[in-house]
Amino acid sequence: MNIRIPGIENLYHRVLGEVHTEEERCQYLLKIYTDLIAVLTDASALHFNTLFARVSYVTSRYQLTRAWSYAFQIPRRELKKRQLSDHEVLPILKGTIEYLLALTKSDSSEPVHSQAIVFPSLPQLPPARRPGRFKKKFARVVAIEWDKENKVLTILDEEEPDKTCILHYCVEGINDIYSDTLELALKEIGLPIILGLTDIECTEENQYIPGYIVIMPDLLLDVTSIAGAWSNGPDPLAVNLIDLFLPSDTSEAIMIGQVANFFLDELIRDTRLPYADLFTRSFKIYPVEYVQMTDDKVKNMRNRMEPHFANILKVIEERFPILGIDRQLCVIEPSYFSPQYGIKGRLDLYFHHEKEEGASIIELKSGKPFMPNSYGLSSSNYQQTLLYELLIKSVHGPKHHRANYILYSAIAENPLRYAVSVESLQKETIQNRNELVLLQFRMLQVEKEGSRDIFEEIDSLRYAGLKGFIQKNIQCWQKVYSGLSPGEKHYFKAFTSFIAREHMLARIGNESGDGTGGLAGLWLDNINEKEERYQILRSLELTTVDQSSGQTIITFARGEVTNPLANFRA
């Protein structure tokens with residue numbers, strides 16, 4: 001590789017010669033640093049959605065020493081959050097930029113002679129490790145090497161970039177549930193790969209043994225999709241893609257669920273509302289759905305929904321006080337997302353118990369439990385509550401006590417059922433999530449010649465054990481897909497791969513020196529990057545409220561931003 005970037009090199013020398021204040025010089029050099037990192041990593045075919053992954057790739061590919069690897073991570077950390085003064089950062093920036101410039105002029109197979117580059121004095125930013133074994137709650141790491149025989153990965157911890165650590169991913173009874181799917185991901189997605197590790201046992205020898213391993217944690221998957229996924233081993237089942245393509249018709253069962261949720265929302269606000277008024281108001285909420293019904297179906301709907309109303313009202317009036325839930329303080333349909341577990345979801349009802357420092361989570365289901373477990377819950381409903389608990393746990397902290405309930409509005413006897421928390425089952429749900437992530441990456445590759453045709457795998461013989469509506473959907477899919485010509489299949493795969501890639505970028509973004517972008521930018525990008533893209537407006541001050549024209553016009557003025565890097569694109 002022979003990359004020539006005279007423009008960046010000339011700019012570097014101009015900054016050193018013409019920019020005299022340390023603050024401005026630091027701003028320019030940080031930008032040059034990110035540009036050089038982008039140039040070196042863009043030459044590869046890999047996708048990077050964080051600057052940490054790009055820097056880790058450079059340090060691994062060019063086999064930098066441990067000291068230089070740590071030096072390369074310091075400007076990255078300063079871009080995210082300034083911890084050092086300009087005077088301390090400048091020599092580190094000069095050293096790393098000169099090293100990067102040397103890399104751009106060299107062949108990747110030849111080591112760079114770094115002796116001529118002045119090695120800067122490095123601060124001890126990472127916290128000192130405690131002696132012996134200790135626990136770490138969460139870590140974002142990038143895997144850079146894989147020893148399949150010994151079931152270990154060489155990783156770099158985002159919070160401790162000065163050390164190379166070893167991740168044991170197949171420890172029996174702790175994280176071996178993730179090993180097979182993780183190995184498939186390492187083969188198909190490739191290295192480097194971002195992993196989220198939770199409940200980690202650490203040793204002073206830099207060995208990591210996590211309880212949870214989340215593949216691509218920035219790729220958030222919906223709780224409902226994970227709970228409803230079919231699984232039969234580590235290799236993800238292609239049948240889980242079918243809902244992405246089949247049209248969703250408005251059925252009576254779906255309408256019952258929507259109206260029941262409407263009842264819950266309204267009764268939480270006011271339990272005095274009569275059934276007739278609420279059912280009539282549901283016409284305004286779902287007018288298109290009701291228009292498609294015949295008069296007889298609407299009458300049947302009215303009769304079927306009355307028991308749901310009565311059961312929901314009974315739970316609110318009788319069970320809530322016993323459980324210490326104040327309906328007037330409940331939060332309706334709050335949205336949560338967790339980059340720790342790679343999941344997102346919207347709860348039906350959330351109540352915070354201030355005295356107990358805990359919460360009650362209530363999920364409404366309008367159907368009856370299908371093949372209920374020992375707790376009287378459907379398997380998919382139960383898994384959904386376990387994932388919701390992980391969401392609450394990651395947002396409010398592990399010590400936050402949680403009580404999970406499922407409200408079956410179609411059942412008069414014991415409609416509100418407790419869902420006990422079981423960690424082994426929670427690990428299973430995260431494993432299902434990892435399988436879906438791998439399945440989405442397979443969709444990105446489906447158009448390539450010689451790639452696995454995952455759509456051909458959706459056939460009734462392969463999934464003979466599945467019954468009911470899913471089997472009908474499989475037969476419908478198989479009939480249409482098998483009838484396509486080779487040209488039509490090729491177009492379908494190309495279009496699917498394109499859309500899947502767009503959706504992936506919209507969610508995890510692509511770090512290119514100007515911020516990550518995508519949904520993941522909410523937690524990956526710093527406040528300056530967000531402000532550059534007008535995703536956040538800081539220091540706004542209310543100046544006037546004008547109502548003279550019949551409309552309310554509110555005027556804000558921009559106050560002074562004290563951060564010196566506020567106007568700098570990093």
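A short tour of the structure in this document, coming up. (Residues numbered from 1 in each chain as written. Predicted model: local features only at pLDDT ≥ 70, side-chain atom pairs only at ≥ 80, totals over all residues. Heavy atoms only, no water.)

**Some points on the packing of helix α1 (residues 6-18) against helix α2 (residues 22-42)**
The N-to-C vectors of α1 and α2 enclose an angle of 165°; their axes lie 10 Å apart at closest approach. Taken together, the axis directions place α1 and α2 in an arrangement best described as roughly antiparallel. The crossing of α1 and α2 is left-handed. On α2, the residues that touch Ile8, Leu11, Tyr12, Val15 and Leu16 of α1 are Arg25, Tyr28, Leu29, Ile32, Asp35, Leu36 and Val39. Taken together, the residues of the contact of α1 with α2 sort by class into 10 nonpolar, no polar and two charged. (Axes fitted to C-alpha atoms, helices over the stretch in contact; angles between N-to-C directions. Helix = DSSP H or I, 4+ residues; strand = E, 2+ residues; numbered from the N terminus. Parallel < 35°, antiparallel > 145°, perpendicular 65-115°, else oblique. Left-handed = near helix turned anticlockwise from the far one by under 90°. Contact = heavy atoms within 4.5 Å. Nonpolar A, V, L, I, M, F, W, Y, C, P; charged D, E, K, R; others polar.)

**Remarks on the packing of aromatic side chains**
How two aromatic rings sit relative to each other is given by the distance of their centres and the angle of their planes. Inspection of every chain in the model, using the stated rule, returns 26 aromatic pairs. Connected via pairs of aromatic rings, a cluster forms that spans Phe262, Phe263, Tyr275, Phe279, Phe283, Tyr290 and Phe309. Residue placement shows lysine 427 over the ring face of tyrosine 212; its charged tip is 5.7 Å from the ring centre. (Phe/Tyr/Trp six-rings, centres within 6.5 Å; stacked < 30°, edge-to-face > 60°. Lys NZ or Arg CZ within 6 Å of the ring centre and 35° of its normal.)

**Side note on unusual backbone geometry**
With an omega of 0°, the peptide bond running from leucine 191 to proline 192 counts as cis. Turning to its location among the elements, proline 192 is positioned in the loop between α6 (179-188) and β4 (193-202). Even without being glycine, aspartate 199 reaches a positive phi, approximately 55°. Along the chain, aspartate 199 turns up in strand β4. Even without a glycine there, the phi angle at asparagine 414 is positive, about 50°. Along the chain, the position of asparagine 414 falls in the loop between β12 (401-408) and β13 (416-419). Take asparagine 414: its relative accessible area is 42%, and that puts it in the partly exposed class. (Buried < 20%, exposed > 50% of the residue type's maximum accessible area, 1.4 Å probe, protein only.)

**As for the pairing of strand β11 (residues 358-365)**
Burial within β11 is extensive, with eight of its eight residues counted as buried. Neither face of β11 is open: one carries Gly358, Ser360, Ile362 and Leu364, the other Ala359, Ile361, Glu363 and Lys365, and all of them are buried. In this structure, the hairpin formed by strand β10 (residues 349-353) and β11 is closed by a connection of four residues, where glutamate 357 is found at a positive phi of approximately 50°. Pairing analysis gives eight bridges linking β11 to β12, with the strands arranged parallel. By the bridge assignment, lysine 365 is partnered in β12 with tyrosine 408. (Pairing = 2+ DSSP bridges.)

**So, the sheet that holds strand β8 (residues 335-338)**
Here three strands make up an open sheet; going across it, the order is β6-β9-β8 and the pairing mixed. Where the open sheet ends on each side, the last strands, each with one partner, are β6 (221-222) and β8. As paired strands, β6 and strand β9 (residues 343-346) are joined by two bridges and run parallel to one another. Considered in β9, the bridge of aspartate 222 is made with lysine 344.

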